[in-house]
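# Inside the fold
If you want the building blocks of each chain, they are given just below.
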Amino acid sequence: MNPTSALVVIGNEILSGRTQDANIRFLAQELGQIGAPLREVRIIPDVRETIVTTLTEMKARYEQVFTTGGIGPTHDDITAACVAETFGVPLELHAESAARLKAHYGTDRFTDARQRMAMLPRGATPIENTASIAPGFSIGNVHVLAGVPTIMQAMFKAVVPKLQHGAPITSRTWHALGLYESAIAIPLEAVQTRFPGLDIGSYPFKESEERRGVALVAKGADENEVKLAAEQIRALIEAAGATPLEGEPAN
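Okay, so let's go over this structure.

The rules behind these values
Each chain has its residues counted from 1, running along the sequence as written. For this predicted model, a pLDDT threshold of at least 70 governs which residues receive local features, and a threshold of 80 or more governs which side-chain atom pairs are given and counted, while totals over whole chains, interfaces and linings are taken from all residues. Here the side-chain values reflect all heavy atoms present in the structure, with hydrogen atoms and water set aside. Here, any two strands with at least 2 DSSP bridges between them count as paired. In this description a helix means any DSSP run of H or I spanning at least four residues, a strand means any run of E spanning at least two, and both kinds are numbered starting from the N terminus. The angle between two axes is taken between their N-to-C directions and runs from 0 to 180 degrees, where each axis is a line fitted to C-alpha atoms and a helix contributes only its stretch in contact. Both site types are read off a 1 Å grid over the protein atoms alone. A 1.4 Å probe that fits but cannot get out defines a cavity, while an open set with protein on both sides within 12 Å along at least five of seven lines defines a pocket; lining residues have an atom within 4 Å of a point. Grid points are joined across faces, edges and corners, and a volume is the space filled by probe spheres set on the points. Here the term charged refers only to Asp, Glu, Lys and Arg, the term nonpolar to Ala, Val, Leu, Ile, Met, Phe, Trp, Tyr, Cys and Pro, and the term polar to all other amino acids, Gly among them. When accessible area is computed with a 1.4 Å probe and restricted to protein chains, residues below 20% of their type maximum are described as buried, those above 50% as exposed, and intermediate ones as partly exposed. Directions pointing from the helix axis toward each C-beta atom define the arc. When checking whether two residues touch, look at their non-hydrogen atoms; a contact exists if any pair is within 4.5 Å. To qualify as a nonpolar core, a set must consist of buried Ala, Val, Leu, Ile, Met, Phe, Trp, Tyr and Cys residues joined through side-chain atoms within 4.5 Å.

## Some details on the sheet that holds strand β6 (residues 125–127)
The strand order across the open sheet built from 6 strands is β2-β1-β3-β8-β7-β6, with neighbouring strands paired in mixed fashion. Strand pairing shows two members of the sheet lacking a second neighbour, β2 (38–44) and β6, which therefore form its edges. Going across the sheet, the axis of each strand differs from the next one's by a mean of 20°, ignoring polarity.

What follows is the structure, encoded as structure tokens:
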């Protein structure tokens, strides 16, 4: 069995619509490649009780939990303190992280606000941040990453060697123009029944008013089963009177 992963996106700005999240897709793809598929995403506000309750539940349910957002220098960056509370440990100045931040900014510019970025739960391991300097951190099965996409991606790449890995998730896609879900719903369900370990999906698309159809995807950790299911998907498209085209549609 592949290890399971979950993501908690923390930030009022995401829920209000002020900021569009750009991290979910990246993490879903990267975790699939290392065989630790993303099984759930929750988007929650910068509220202490909500963060603690959500993390307590998620870390018990999934083998790996990632958070994004809320680890900067401002008053609403409360993720580190909430993670400490979740694990029942104090939040304290991490000496090595503080030294690196101080060397980076200089003594005069290592302000109280910047010191907040070196406050980690006791026992946490810093995650290196090559995009800037302030670290993320790991504690237990929780990995705390920044919300800014470029920084989050740098942190994720740094922590990948320490994560649980499994068989990479592979996928095959066939699509067809002029095909509608109602025409293939029953045979597609039969494919899912024959391959219960795979995710079989149907995704309508529209390239233009004249070019619309459905993309059918087989995805999973067993490459041979994915290949077999994809062949059955191709056959059911033909049986529905459409022309199967391999891969994703243009748009």
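Picking up after the structure, the text goes on.
## Here's the deal with the layout of surface pockets
What the largest pocket holds in volume is close to 680 Å³. For the lining of the largest pocket, the secondary-structure elements that each account for two or more residues are α2 (24–33), β2, β9 (170–177) and β11 (212–220). When residues in the lining of the largest pocket are grouped by element, the largest group, 4 residues, is from α2. Computed from the structure, the second largest pocket encloses a volume of approximately 540 Å³. What lines the second largest pocket is a set of 33 residues, among which Gly69, Gly70, Ala146, Gly147 and Val148 lie closest to the centre. Elements with a minimum of two residues in the lining of the second largest pocket: β1 (5–10), α1 (12–15) and α7 (149–159). In terms of residue class, the lining of the second largest pocket is made up of 16 nonpolar, 12 polar and 5 charged.

## Re helix α5 (residues 95–105)
Ser97, Ala98, Leu101 and Tyr105 are the residues of α5 that are buried. End-on view of α5: buried residues confined to an arc of 100°, all on one side of the axis. Of the exposed residues in α5, those oriented more than 90 degrees away from the buried face are Ala95, Glu96 and Ala103. Packed against the buried residues of α5 are β4 (91–93), α6 (112–115), β5 (119–121) and β6. Just downstream of α5, Gly106 is the residue with a positive phi angle, here 90°.

## So, the nonpolar core
In this structure, Leu27, Leu31, Phe137, Leu145 and Phe156 are the most contacted members of the largest nonpolar core, which totals 40 residues. In this view, Phe156 contacts Phe26, Leu27, Glu30, Leu31, Phe66, Leu145 and Leu163; residues no more than four positions away in its chain are not counted. Listed in part, the 19 residues of the second largest apolar core include Leu188, Phe195, Leu216 and Ala218.

These results come straight from atomic positions and should not be treated as a statement about function.
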